[in-house]
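Observations on the three-dimensional arrangement
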Amino acid sequence: MRKQDLALALSLAVATAFAAGSVQAQDACQDGEIVIKFSHVTNTDKHPKGIAATLLAKRVNEEMNGKVCLEVFPNSQLYNDDQVLEAMLAGDVQMAAPSLSKFEKFTKKFRLFDLPFMFEDIAAVDRFQTSELGEKLKDSMRRRGLQGLAFWHNGMKQISANKPLIDPSDAAGLKFRVQPSDVLVAQMEALGANPQKMAFSEVYGALQTGVVDGQENTWSNIYGKKFFEVQDGITESNHGIIDYLVVASTEWWDGLPDGIRTQLKTILDEVTETRNAESTRVNEEAKKAVIAAGSTVRTLTPEQRAKWVAVMKPVWSKFEGDIGAELMAGAQAANATN
Ligand code: LMR
């Protein structure tokens, strides 16, 4: 092949791979390699999950070249969060990192993470997840065919609507998009608002067209999906968290050759440690970018925030039975060391 033809063929191959939406060029996988499709819903470079998934692919493809080929499909290009776990059980995708709110059908224990004002900050979440109780949660869905591999951090949730939100009563009567979690439904109902479960990829359009009035999410998601463009500012409420579980099907994970599984897990653990340490910084940068883009960020005085706590926190009692006293106490103990 002439040099120019080779260059053309290569650029066409790269263009095709990008059109197909994966970060790792599809045709870069070699015969005989174990192919891992990693599906997620955020961007790749300005988001704690996106950056972590990209780094995981880079390291696996470099260090396990010839044995494993990991392709990342970001931005819901392959699956929405409400489809990806079913697709995983069907063997169509091998890894994903849905938020902990998206495991409702598989376990009620993860409801802990959605309880408003349960964790003071992401450092407390980290302490809890790396405790014995937290580690055990990774195995809690094996019976249902899912193996948790690592917790990845995002950050604290903020709340916004098409009008300023300062007092909890400001949210009454508004429609809010929530992730598919009954805790989040109860939290919005406690405000007198109307919650609507919806896939992440649909939120911008729903806010823009008025299907919903408001939403709650982390700075990196508010920035990454431009929700601030279609909201009247963002209230810095830090009222909850969004975190992720990197997950695989038990059948696929257990079926990997031992050496492959061990090396993959070692790389995943290293990427987790490196990127979890950066998640708060990534969210702070996203917050700055939201402000730089001209959006209003509203902070709450301690008295104003105490009112949100008083309205939202009573939902805990509704879910204590599902979660169990031990996990609730363990999570609170992780705050106490602050
Ligand atoms: C959401 O649905 O709002 C988030 O879980 C999206 C994500 O993965 O951060």
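Let us look at the structure shown here.

Procedures and definitions
Residues numbered from 1 in each chain as written. Predicted model: local features only at pLDDT ≥ 70, side-chain atom pairs only at ≥ 80, totals over all residues. Heavy atoms only, no water. Pairing = 2+ DSSP bridges. Helix = DSSP H or I, 4+ residues; strand = E, 2+ residues; numbered from the N terminus. Axes fitted to C-alpha atoms, helices over the stretch in contact; angles between N-to-C directions. Salt bridge = Lys/Arg side-chain N within 4 Å of Asp/Glu carboxyl O. Buried < 20%, exposed > 50% of the residue type's maximum accessible area, 1.4 Å probe, protein only. Polar contact = N/O pair within 3.5 Å; in protein donor to acceptor, adjacent residues only side chain to side chain. Core = buried A, V, L, I, M, F, W, Y, C linked by side-chain atoms within 4.5 Å. Contact = heavy atoms within 4.5 Å. Parallel < 35°, antiparallel > 145°, perpendicular 65-115°, else oblique. Left-handed = near helix turned anticlockwise from the far one by under 90°. Nonpolar A, V, L, I, M, F, W, Y, C, P; charged D, E, K, R; others polar. Arc of directions from axis to C-beta. Near = heavy atom within 4 Å. Areas by Shrake-Rupley, 256 points an atom, 1.4 Å probe, with all protein chains shown as cover.

1. Side note on the sheet that holds strand β5 (residues 158-161)
Taken together, six strands build an open sheet; the order of strands is β7-β6-β8-β5-β9-β11 and the sheet is mixed. Of all the strands in the sheet, the pair left with one neighbour each is β7 (194-197) and β11 (297-299). In this sheet, neighbouring strand axes are inclined to one another by 30 degrees on average, regardless of whether the strands run parallel or antiparallel. As paired elements, β5 and strand β8 (residues 214-217) share four bridges and run antiparallel to each other. Bridging from a neighbouring strand, Ala161 pairs with Gly214 of β8.

2. Topic: the pattern of salt bridges
A complete count under the given rule lists 19 salt bridges for this structure. Asp81 is the salt-bridge partner of Lys102, the closest N and O atoms lying 2.4 Å from each other. Of the two residues, Lys102 sits in the loop between β3 (95-96) and α4 (111-114) while Asp81 sits in helix α3 (residues 81-89), which places them 21 residues apart along the sequence. Here Asp81 falls in the buried class, since its relative accessible area comes to 9%.

3. Digging into the side chain of Glu216
By the element assignment, Glu216 lies in strand β8. Engagement of the side chain of Glu216 in a polar contact is seen with the side chain of Lys157, the distance being 3.1 Å. Side chain to side chain, Glu216 and His239 meet in a polar contact 2.6 Å long.

4. With respect to the nonpolar core
Within the largest apolar cluster, 39 residues are counted, with the highest numbers of intra-cluster contacts made by Leu112, Leu115, Phe119 and Phe128. Those residues in contact with Leu112 that sit more than four places away from it in its chain are Met118, Phe119, Phe128, Ile323, Leu327, Met328 and Ala331. Grouped together as the second largest cluster of nonpolar side chains are 28 residues, Ala52, Met95, Tyr244 and Leu264 included.

5. Things to note about the packing of helix α5 (residues 122-129) against helix α15 (residues 325-336)
Two numbers describe how α5 lies on α15: the axes approach to 8 Å, and their chain directions differ by 130 degrees. As summarised for this structure, α5 and α15 are arranged oblique, according to the angle between their axes. Both α5 and α15 take part in a crossing whose hand is right-handed. Taken together, the residues of α15 that come into contact with α5 (itself represented by Ala124, Arg127 and Phe128) are Leu327, Gly330, Ala331, Ala334 and Asn335. Tallied by class, residues from the contact of α5 with α15 come to five nonpolar, two polar and one charged.

6. Quick notes on the environment of Glu229
With respect to the helices, strands and loops of the structure, Glu229 is situated in the loop between α9 (219-224) and β9 (234-236). Considering only alpha carbons, one finds Glu229 and Ser295, 66 residues apart in sequence, at a separation of 7.4 Å.

7. Considerations on α3
Asp81, Val84, Leu85, Ala87 and Met88 are the residues of α3 that are buried. Taken end-on, α3 shows its buried residues confined to a sector of 160 degrees, consistent with a single buried face. Contact partners of the buried residues in α3: β1 (34-39), β3, β4 (146-156) and β10 (241-249).

8. Things to note about the site of the ligand
In the vicinity of the ligand, the residues found are Val41, Thr42, Lys49, Asp81, Ser99, Lys102, Arg177, Gln179, Phe200, Asn217, Asn221 and Tyr244. Ser99 has a polar side-chain atom sitting 3.3 Å from an oxygen atom of the ligand. Here an oxygen atom of the ligand and a side-chain polar atom of Gln179 are 2.7 Å apart. The protein chains hide 100% of the 270 Å² of surface that the ligand would expose on its own. Of the residues that constitute the shell around the ligand, the class distribution is three nonpolar, five polar and four charged.

9. Comments concerning the side chain of Glu236
Inspection of the secondary structure assignment puts Glu236 in strand β9. Polar side-chain contacts of Glu236 include one of 3.1 Å to the side chain of Lys287. Beyond its immediate sequence surroundings of up to four residues, Glu236 is in contact with Gln158, Trp219, Lys287, Val297, Arg298, Thr299 and Leu300.

Keep in mind that these numbers describe shape and distance, not what the molecule does.
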